[in-house]
Every structure is written in structure tokens, then in C-alpha cells.
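Structural overview
As a plain string of letters, each chain reads:
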Amino acid sequence: METEVVVIGAGPGGYAAAFMAADLGLKTLIVDKEENPGGVCLYRGCIPSKALLHAAKILTDAEEATEIGIDFGEATIDVEKLADWKTSVIKKLTGGLGQLRKARKVEHVQGTARFIDANTLQTEDGQTITFKHAIIATGSRPIVPGPLALESDRVMTSREALELDGIPETLLVIGGGYIGLELGTVYSALGSSVTVVEMMDTLLPGADKDLVRVLEKRVRQLFEEISLGTRVVKMEEVSDGIKVTLDPEREEVFEKVLISVGRRPNSENLGLENTKVALDDHGFISIDSQCRTAEPHIFAVGDVSGQPMLAHRATHQGRLAAEVIHGSKAEFRPHAIPAVVFTDPELAWTGITEQEAKASGVAHKVTKFPWGASGRSLSLNRSDGLTKIIVDPETRRVLGVGVVGPGAGELIAEATLAIEMAATVEDLGLTIHAHPTLSETVMEAADAFFGTSTHIISK
Ligand code: FAD
């Protein structure tokens with residue numbers, strides 16, 4: 001087979017790249033194991049986890065409705081039906097992408113591919129594909145460190161946890177990052193007693209502590225236990241579960257264990273040694289600001305090309321790589337890439353965080369608005385949110401925004417646009433936000449910078 005552009009991997013980076021290349025008139029081919037595009041994000045990441053988090057939210061909302069005089073009684077959960085519904089969401093989305101692929105006349109080879117030289121790929125069944133340009137979008141997979149590598153149905157990564165093969169009575173989540181907290185939230189709402197252990201002294205190490213504090217307070221009520229500064233040193237299967245040895249020393253048996261300690265790039269087994277494509281110390285493919293590797297006609301996008309390993313970064317890089325192949329001089333230089341943790345409350349940030357500003361010595365001022373003063377928040381029976389803006393004290397430009405509270409993931413879009421458009425904190429304060437909405441918290445946090453927030457004393 002011969003093509004102008006070959007895309008290896010059909011996740012949000014790969015399929016976005018292939019669709020853009022086809023839209024620009026380039027003859028394009030995708031290689032991926034699945035019948036339809038989707039990658040980790042659609043098959044075993046973003047989408048199934050959010051579908052299950054929706055179910056978790058219904059359950060906790062129904063439980064908490066008793067506080068305002070509504071009692072639905074005890075919920076009954078048909079786990080099989082819930083898992084089927086989640087699978088139907090995946091099928092609908094990936095099937096739709098398959099149709100979009102066909103409509104764009106993007107060819108598809110089902111399988112995995114490796115480079116045999118810098119212009120030829122070979123699939124496992126021996127087909128060869130010669131190409132002018134390649135985009136590597138092979139994504140990432142969960143890390144399972146040596147001491148945690150135990151062959152047992154009771155030990156899961158996010159992949160197995162999302163299958164929802166029963167609800168264990170007790171679940172140990174190893175790792176307090178976003179995947180562990182999201183899946184811990186799901187299993188806790190479905191009835192598991194969830195314990196989270198995290199090696200660092202905080203949950204979500206990349207996020208600002210004042211935001212994490214709000215989230216931690218609530219998830220501590222949902223989970224059986226959260227142990228920070230705690231490391232799993234040994235795991236062994238016993239008759240009724242997995243016996244886990246922790247440091248500081250303690251032994252406990254859990255029915256199931258979820259390992260969510262991070263992800264590593266899929267950069268091995270690609271035959272990259274047959275090209276000049278280079279890797280960095282962490283195994284990510286090294287790229288320049290146009291997503292080009294050391295082979296100028298081979299590009300890499302998404303999780304395989306570095307942090308942050310998020311679907312929307314992958315998509316933007318994929319589209320950009322296709323444009324560059326088409327002749328554009330565009331570069332990938334975002335001022336802000338939003339990150340969202342879809343727990344309850346949600347936690348989101350964009351641009352620089354306060355802890356990054358402090359660590360890198362960037363001059364900044366922080367302005368905040370607590371959601372206890374938001375009419376919309378109280379009308380949702382919630383008062384636990386916080387919106388903060390990190391501002392350049394001289395130019396008053398918005399450098400970063402952090403939000404914790406229900407719907408934070410939606411609110412962060414306005415903040416990202418503000419940063420990309422070089423908005424000042426006045427711009428946010430003077431923009432009329434609809435009342436009563438949670439978006440007013442962004443406006444009021446901006447007003448608080450000048451000591452003039454209507455609903456709090458901020459002088
Ligand atoms: P992937 O989606 O990983 O796709 C890579 C594809 O390449 C796969 O289909 C793989 O089979 C294929 N492939 C690999 N090697 C080869 C080969 N040699 N030949 C052919 N094909 C190959 N991100 C968010 O932004 N928001 C979220 O809410 C979110 N939630 C997540 C929840 C979970 C549980 C997990 C695990 C991840 C989540 N992520 C989320 C991260 C997100 O899934 C990834 O950032 C995103 O999928 C990366 O896209 P990608 O295109 O780089 O690769």
C-alpha cells in the first residue's frame with residue numbers, strides 16, 4: 001500500500017490528525033487494532049469513566065436529596081445493565097467515528113504497525129505501507145511497578161476497572177491522581193468501601209493545594225480512608241483477596257486492588273531504531289514545536305509525545321501535524337492547556353498554577369472567590385467550591401485560573417479563552433455573566449482583585 005500520510009494509532013490524536021489530513025485533501029491511511037477509531041480515550045479512558053461518573057453522581061445526588069426533603073429510598077443497582085449502557089455509549093461514539101472516517105475516505109488497516117525503515121511500515125501480518133509522511137499517535141498504557149505486578153483477577157488497572165466486572169466490598173486504590181480518584185468515586189458510589197494510598201503528601205500533586213483541600217474534604221467523607229505519604233511495598237494473593245503491605249508498616253486484605261500510579265508512552269516495539277526518531281529519558285518521542293521528530297517527515301502527537309497526557313492536547317497536536325504536512329508554518333504553542341478532574345466536586349485548572357508561579361519565581365497575585373457566597377452554588381445545595389485567578393500584578397493579565405466545585409470542568413473553558421486572548425483581570429470582571437450561574441464566580445474573583453466583589457468583602 002502507498003499513501004501520502006499514514007497515522008499510527010486512532011486515539012483522539014490519531015483520528016483528529018487523519019481527519020484533518022483528509023479534509024486538507026491528503027491521501028490518508030490509519031493503522032489501529034480496533035475496527036473503529038477511538039483509542040484509549042473512547043474505549044477505556046475518558047468516555048467510559050465519565051459515563052460511570054455520571055451514574056455515581058445520580059446516586060450521590062439522590063442520597064443527598066434527603067437533606068432538602070426528598071427521599072428516593074435506597075437505590076438498587078443493576079451492575080450488568082449499567083456496564084451495558086456504558087458500552088453502548090462507547091459503541092455509539094466509535095461507530096460514529098467509523099462513519100466519519102469512511103465519509104472522508106480515510107483508509108484503515110486493522111492491526112499494529114512498526115517501521116522497517118524511515119518510509120515503510122509493516123503490520124504484524126506482513127503488509128507493507130510506504131508513505132511520504134507519518135504521524136505516530138500510539139498513546140500510552142498504565143504503569144505497573146515491579147512490586148505491584150501480580151497476575152490476579154483481583155488486581156486491576158483502569159482498563160479492567162472500567163469493565164465493571166462486579167463491585168468489590170473493599171477496594172484499594174493505589175495512587176491519588178485523577179484516574180484513581182475518579183474510579184474510586186465510581187466504586188464508592190456503587191457500594192465499595194474504598195481506601196486510597198498515595199506516596200506523595202498530597203492528592204493530585206500537580207494541582208494547587210487550596211483547591212485540592214476542598215476536594216479532599218468531600219472525598220474523605222465518601223471513601224473509607226485516604227493515606228498520604230504511604231507506599232505499597234508488597235502484594236500477595238490470599239484466599240479472600242489481596243494482602244497488601246504498606247509503608248509506614250501495616251498489612252491489610254482488600255477484595256480488589258486498582259493500580260493507578262501513572263501511564264507510560266507506547267514508544268517501544270515500533271521499530272523506531274530503524275529510523276532517526278529519538279526518545280527522551282522518559283521514553284517519550286522527542287518533537288519540536290511543529291510535532292516533528294528527528295526525521296523531518298515523521299511526526300508524533302498525543303500521549304506518546306509528552307505531558308500533559310490529555311486527549312485535548314493530543315487532538316490539537318494531531319490537527320496541527322496534519323496542517324504542517326500540508327505546508328502550514330503553524331506551531332503548537334498554547335498559553336494554556338486545561339486539566340479537569342471529574343470527581344465531585346470537579347477540580348480544574350488552566351494556565352499557570354499558583355504553586356508553579358511560586359516555584360518558578362513568576363511575579364503574581366492571587367484573587368479568590370469562595371462559592372459559599374454564590375447564589376447558584378447554594379441553590380444547588382453546595383457551598384464547597386472555590387474560584388481563583390492568578391494575575392500578573394504589572395500588566396494585570398490573567399496567567400492562570402483554578403476552580404473546584406460542581407461543573408468546574410465547564411467553567412474552565414472561559415478561563416482558557418481569557419488566557420489565550422491575553423485578557424486582563426478587568427476583562428473578566430467587566431464581562432456580564434448571567435445570574436445566577438456558577439460562571440459569576442469567575443467574574444467575582446476578578447472583581448475581588450480590586451477589592452470590589454459585590455458578594456464578599458475582599459479589601
Ligand atoms: P490513545 O488514545 O492512547 O490511542 C492510541 C492508539 O494507538 C490505541 O488505539 C492503540 O491501540 C494504538 N496503537 C498503539 N500502538 C500501535 C501500533 N504499533 N500500531 C497501530 N496502533 C497502535 N484525558 C482527558 O483529556 N480527559 C479525561 O477525562 C481523561 N480521562 C481518562 C480516564 C482514564 C481511565 C484514562 C486511562 C485516561 C484518561 N484520559 C483523559 C487520558 C486520555 O485517554 C489520553 O490522553 C488520550 O487517549 C491520548 O490520546 P492519543 O491519541 O495520544 O492515544
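Just above sits the structure.
From a predicted model like this one, the values you see are computed outputs, not experimental measurements. (Residues numbered from 1 in each chain as written. Predicted model: local features only at pLDDT ≥ 70, side-chain atom pairs only at ≥ 80, totals over all residues. Heavy atoms only, no water.)

As a further point, take the sheet that holds strand S14 (residues 250-254). Pairing is antiparallel in the open sheet, where three strands are placed in the order S12-S13-S14. The sheet is open, and its two borders are formed by strand S12 (231-238) and S14, each paired with just one other strand. Neighbour-to-neighbour, the strand axes of the sheet open up by a mean angle of 25 degrees, direction not taken into account. For S12 and strand S13 (residues 241-247), the ladder comprises seven bridges, and the chain directions are antiparallel. Counted as the bridge partner of Glu-237 is Ile-242 from S13. (Pairing = 2+ DSSP bridges. Helix = DSSP H or I, 4+ residues; strand = E, 2+ residues; numbered from the N terminus. Axes fitted to C-alpha atoms, helices over the stretch in contact; angles between N-to-C directions.)

Sheet architecture is open: five strands sit in the order S8-S15-S9-S10-S11, paired in parallel fashion. Lying at the two open borders of the sheet, with one neighbouring strand each, are strand S8 (155-156) and strand S11 (225-227). Of the strand pairs in this sheet, strand S9 (residues 170-174) and strand S15 (residues 256-259) are connected by four bridges, and their pairing is parallel. Paired with Ile-174 across the bridge in S15 is Ile-259.

All right, on to the nonpolar core then. Proteins that are soluble and globular tend to have nonpolar side chains buried together. Residues Tyr-187, Leu-204 and Leu-347 are the most contacted members of the largest nonpolar core, which totals 39 residues. Elements represented by at least two residues in this core include exactly helix H3 (46-64), helix H4 (79-103), S9, helix H6 (178-189), strand S10 (193-197), helix H7 (209-222), strand S18 (339-341) and strand S19 (346-351). Once you skip the residues sitting within four places of it in the chain, Tyr-187 turns out to touch Met-156, Ala-161, Leu-164, Gly-166, Ile-167, Pro-168, Leu-171, Ser-192 and Val-194. Core analysis: the next-biggest nonpolar cluster, separate from the first, contains 27 residues, Ala-17, Ala-21, Leu-42 and Ile-325 among them. (Core = buried A, V, L, I, M, F, W, Y, C linked by side-chain atoms within 4.5 Å. Buried < 20%, exposed > 50% of the residue type's maximum accessible area, 1.4 Å probe, protein only. Contact = heavy atoms within 4.5 Å.)

What follows deals with the site of the ligand. Not every one of the 39 residues close to the ligand is listed here, only the nearest: Gly-13, Asp-32, Lys-50, Asp-303 and Ala-311. Here an oxygen atom of the ligand sits 2.7 Å away from a polar atom, N or O, in the side chain of Lys-50. If you list the elements that add at least two residues to the shell around the ligand, you get helix H1 (12-23), strand S2 (28-32), helix H2 (39-44), H3, H6 and helix H8 (311-325). Broken down by element, the residue count for the shell around the ligand peaks at four residues, all from H2. Here the residues of the shell around the ligand sort into 18 nonpolar, 15 polar and six charged. (Near = heavy atom within 4 Å. Polar contact = N/O pair within 3.5 Å; in protein donor to acceptor, adjacent residues only side chain to side chain. Nonpolar A, V, L, I, M, F, W, Y, C, P; charged D, E, K, R; others polar.)

Attention now moves to the pattern of salt bridges. Applying the stated criterion across every chain yields a total of 23 salt bridges. Between Glu-236 and Lys-234 there is a salt bridge; the shortest N-O distance is 3.8 Å. Residue classification places Glu-236 among the partly exposed residues on the basis of a relative accessible area of 31%. The class of Lys-234 is partly exposed, set by a relative accessible area of 46%. Ionic pairing is found between Arg-382 and Asp-384, a salt bridge with its closest N-O pair at 3.1 Å. Connected via shared salt-bridge partners are Asp-208, Asp-210, Glu-354, Lys-358, Lys-368 and Lys-388. (Salt bridge = Lys/Arg side-chain N within 4 Å of Asp/Glu carboxyl O.)

Look at the link from Asp-247 to Pro-248: it is a cis peptide, with omega at 5 degrees. Considering the arrangement of structural elements, one finds Pro-248 in the loop between S13 and S14. For the peptide bond that leads from Asp-344 to Pro-345, omega is 5 degrees, which places it in the cis range. Topologically, Pro-345 is positioned in the loop between S18 and S19. Even without glycine at this site, Lys-105 takes up a positive phi of about 60 degrees. You can see Lys-105 is positioned in the loop between H4 and strand S3 (107-110). Accessibility expressed as a relative area gives 71% for Lys-105, which makes it exposed. A positive phi angle is found at Ala-422, which is not glycine, with a value near 55 degrees. For Ala-422, the position within the fold is in the loop between helix H11 (408-420) and helix H12 (425-430). By relative accessible area, Ala-422 is classed as partly exposed at 35%.

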